[in-house]
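Here is what each chain is made of, one letter per residue.
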Protein chains: 2
Amino acid sequence: MRKVAVVGVGETKFSGPQEKTAVEMFAEAASEAITGSNLKPKDVQALFLGNALGDFAEGQGMMQAYAAEYIGCRYIPANRYEGACASASVAVRDAFMWVASGMYDIVLAGGVERAATMGTGLATRTFAMFSDAHYEYPAGVTFPAVFAMLAHLYADTYHIPLQKLREQMARVTMQSYKHGSINPKAQFFGKNGDIAMEKILNSFVVATPLTLHDCCPFSDGAAAVIIASEDAARKLTDKPVYITGIGQASNGPLVNQNDYLPRIRARELSSEQAYKMAGIKPAEVDVCELHDCFSIASLIAAESLGFFDFGTAGEAWEKGQADIGGKIAINPSGGLKSKGHPIGATGAGQVYEVVNQLRGKAEPGRQVPEAGIGMTDTLGGDGGTLVNMIFEKGW
Amino acid sequence: MRKVAVVGVGETKFSGPQEKTAVEMFAEAASEAITGSNLKPKDVQALFLGNALGDFAEGQGMMQAYAAEYIGCRYIPANRYEGACASASVAVRDAFMWVASGMYDIVLAGGVERAATMGTGLATRTFAMFSDAHYEYPAGVTFPAVFAMLAHLYADTYHIPLQKLREQMARVTMQSYKHGSINPKAQFFGKNGDIAMEKILNSFVVATPLTLHDCCPFSDGAAAVIIASEDAARKLTDKPVYITGIGQASNGPLVNQNDYLPRIRARELSSEQAYKMAGIKPAEVDVCELHDCFSIASLIAAESLGFFDFGTAGEAWEKGQADIGGKIAINPSGGLKSKGHPIGATGAGQVYEVVNQLRGKAEPGRQVPEAGIGMTDTLGGDGGTLVNMIFEKGW
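In every chain, residue numbers begin from 1 and rise along the written sequence. Chain labels run from A onward and ligand labels from 1 onward, assigned in the order the entries are written. Where totals are concerned, whole chains, interfaces and linings use all residues; where local detail is concerned, this predicted model gives features only for residues with pLDDT of at least 70, and gives and counts side-chain atom pairs only at 80 or more. Excluded from the side-chain calculations are hydrogens and water; all other atoms, namely the structure's heavy atoms, are used.

Here the focus is the relation of the copies chain B and chain A. Two chain copies here: they are related by a rotation about an axis and a translation along the same axis. Rotating chain B by 180° and moving it 0.0 Å along the rotation axis overlays it on chain A with an RMSD of 0.0 Å. Classification of the inter-copy transformation places it as that of a two-fold axis. Here a residue-residue contact requires only that any non-hydrogen atoms of the pair lie within 4.5 Å. A share of 100% of the interface residues of chain B reappears at the interface of chain A, consistent with the copies meeting face to face through the same patch. To superpose the copies, least squares is applied to the C-alpha atoms of every residue with a pLDDT of at least 70 in both.

A word on unusual backbone geometry. Trans is the common state for peptide bonds, and a negative phi is the common state for residues other than glycine. Residue and element names in this part refer to chain A. Of the consecutive residues threonine 208 and proline 209, the connecting peptide bond is found in the cis state with omega at 10°. In this description a helix means any DSSP run of H or I spanning at least four residues, a strand means any run of E spanning at least two, and both kinds are numbered starting from the N terminus. Mapped onto the fold, proline 209 is located in the loop between strand S5 (205-207) and strand S6 (210-211). With omega at 10°, the peptide bond leading from leucine 261 into proline 262 counts as cis. Looking at the secondary structure, you find proline 262 in the loop between strand S8 (241-250) and helix H10 (265-278). Phi is positive for asparagine 331, close to 50°, though the residue is something other than glycine. For asparagine 331, the position within the fold is in the loop between strand S10 (329-330) and helix H13 (335-338). Per-residue accessibility, obtained with a 1.4 Å probe over protein chains only, is compared with the maximum for each type, and a residue is labelled buried under 20%, exposed over 50%, and partly exposed between these values. Take asparagine 331: its relative accessible area is 3%, and that puts it in the buried class.

A word on the pattern of salt bridges. Every case where a carboxyl oxygen of Asp or Glu lies within 4 Å of a side-chain nitrogen of Lys or Arg is listed as a salt bridge. What the rule picks out here adds up to 37 salt bridges over all chains. A salt bridge links glutamate 82 of chain A to arginine 80 of chain B; the shortest N-O distance between them is 2.5 Å. Remark: arginine 80 of chain B occurs in strand S3 (residues 78-81) and glutamate 82 of chain A occurs in the loop between strand S3 (78-81) and helix H4 (87-100); the pair is interchain, linking two chains. A single burial state applies to glutamate 82 of chain A and to arginine 80 of chain B, both of which are buried. In this structure, arginine 234 of chain A engages glutamate 230 of chain A in a salt bridge whose closest nitrogen and oxygen atoms are separated by 2.9 Å. Linking arginine 234 of chain A with glutamate 230 of chain A, this pair stays in helix H9 (residues 230-236), spanning four residues, or about one helical turn. Salt bridges linked by common partners bring Asp55 and Arg80 of chain A together with Glu82 of chain B together as one network.

A word on the interface of chain B and chain A. Taken residue by residue, the interface counts 56 residues in chain B and 56 residues in chain A. Summed over both partners, the accessible area lost on bringing two parts together, with a 1.4 Å probe, is the buried area. Note on chain B versus chain A: buried area summed over both sides is about 4800 Å², and carbon and sulfur give 53% of it. Our count for the contact surface shared by chain B and chain A stands at two salt bridges. Under the rule applied, a polar contact is a pair of N or O atoms within 3.5 Å (in protein, one hydrogen donor and one hydrogen acceptor; residues adjacent in sequence only if both atoms are side-chain atoms). On the surface where chain B and chain A come into contact, there are 36 residue pairs in polar contact (both at pLDDT 80 or more). Only helix H2 (54-58), helix H3 (63-71), S3, helix H4 (87-100), strand S8 (241-250) and helix H10 (265-278) of chain B provide two or more residues apiece to the side of chain B that touches chain A. For this classification, the nonpolar set comprises Ala, Val, Leu, Ile, Met, Phe, Trp, Tyr, Cys and Pro, the charged set comprises Asp, Glu, Lys and Arg, and every other residue, Gly included, is treated as polar. For the side of chain B that touches chain A, the class distribution of residues is 25 nonpolar, 20 polar and eleven charged.

In this section: empty space enclosed by the protein. All names here are of chain B. Using protein atoms alone on a 1 Å grid, points that fit a 1.4 Å probe yet trap it form a cavity, whereas open point sets bounded by protein on both sides within 12 Å along at least five of seven lines form a pocket; residues with an atom within 4 Å of a point count as lining. Grid points are joined across faces, edges and corners, and a volume is the space filled by probe spheres set on the points. This structure, assessed with the given rule, holds six cavities of 30 Å³ or more. Estimated volume of the largest cavity: approximately 60 Å³. Lining the largest cavity are Phe14, Glu289, Ser333, Gly335, Leu336, Lys339, Gly340, Thr346, Gly349 and Gln350. Counting residues per element, the ones that place at least two in the lining of the largest cavity are helix H13 (335-338) and helix H14 (346-358). When residues of the lining of the largest cavity are assigned to their parent elements, the largest contribution, three residues, is made by H14. Split by residue class, the lining of the largest cavity holds two nonpolar, six polar and two charged.

Keep in mind these values describe shape, not function.
Structure (structure tokens):
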């Protein structure tokens, strides 16, 4: 297989409800990625698009075909992927393979969602469809409930007093808000940058022990990346970012994972594949955008990815070891919790951030110094789909 | 890239509403494909699943992850594709690439839908989401309306009196019913095999000039195929069917296709890719399962695929040139119109039929003698996604 690079990235601001259609939003991100890659739409050979809920948000299935034409890439093969919150990561990983195989040289991949436009009620109901519809969903197991249960299991498994865990989770939130507040693309840009721990702990309870500030927002947004062969990349940019490792795994219903909870088994398998393919160890990763849909999700992810020992991630956040300048810089974008979570776009948004970090293009205050290796981690459903990708500077 | 084969296929009976869940239905088809390939579930390295409307039919997104575990393929990467009626064909084409690239040796691909379970009202409303939601859908342009307009355009373009075209379309239907009536997997098995043309012409009008019998039914069903590398295939079966050509293309809103209508431009581009890759001409194809969601759709498809000159397909059907023993055997399964149309499964069902035809396993009366080269043609939406694949006997 051939070496594969990201040559350009694009992203809308992640935000609350937008007037634009999903196709228009994706076109905005795609145009930025295409132009930034020194390409024209006619150079793009295929479109791989993540979108989870367009049918519900605006009554539009098959938006990939309309997006291709709207962007100016008429007639190209256009695929849509639904992998819940990991939809765009599945799309990017697939684009990697079509280029690695030699079939295509230039592919546009990404995702879009209008989750904020749907409103909290419909968004919550439809998000819950990405858990098991026969046992979990009817029992009221929406995602805040899932992660609240994981928080209790985490506290119990590692013998951490619940109040202590709540404070550790608040540290996660404070770090996310700090970075998001200075990221112009973030939904919470300019907000909550200096929030007090007391305010987080005393905000209203969503699902005990999670309060409002432990949860990510509903967001509208789109992100896009141009995936190219090594030869094409060398002609298009002097700063190619190579995808050196990919991994993906699945899980069935949460209840079947009881040997592993509060860990997510699919993440351990997926990241192992990615590390092995890249030939690196977790300690070599400089920056990671991981799936922090809830503050507890950050702790669980960081441990399964091998950055911290099991049961110690909370302490790591307290000591700044998960921040820029620490052992590993986690979510310098602000993550899902502050940058936002337009579910079908989130994975591509993570790639956008990691590529910009490796290129040294993030804003002062949230740029990771000398970042050479980056990683993304995207969780779909309650562990149903896990995708990890590793990126390395090509110059 | 490596040579890629289909080593086993499976399919549920296509039918009206089922009590089984989509996961259970797909598992039935997948188990048949896995067992028929002399494999065990643990040998499968990835699952690529087409499903268009599971979120609406049973409130289940992410069914690919649950299906993987249910079948016994725990933790493998599992992707879901939504390409409307072409969802499963997109999944199979993607499986082809992951095996051709050398990344995987054994992949399970297929699709499932419970469109009949949804009921006519919800199915019609949600199917329409696969046309353009901003201009076509609000104007009442459901799929019967689209194909009714194409029928009028066809008659007008090729100067065929409308009543003559109606009789030609009735011939298409009669052939479909004849084959489906002796296909035990068909929704209309045992039905309408000797229907009179008068009955078709006089059935109630759905969208003029299309009557009830010009339209395919809503169906529940699942189909699955095992895609393997040449090396793996040689160990698993003495009757590998090679995928020698693939093609895919997209189109935007129907109104933007006005230079080509009643032809579908994406089909001409997609089939051209497939023919070129396989190194064959249309006249070399012995059997083709094409996308006959409506009788007029058969005429349009057969012409764009190069089997008949433009404007002459109706005559070809009248003369038996599209039947077994004619120039090319089209839809010996009964096609969407008689075998049924579980939309997310349809493309994989076409592969099931073509593979069985090449292996000489179809029932007497609908087996194409000495079939060596087969083809599938799947249309998603009103031309939004087109997928063509060419298959050849490997023994």
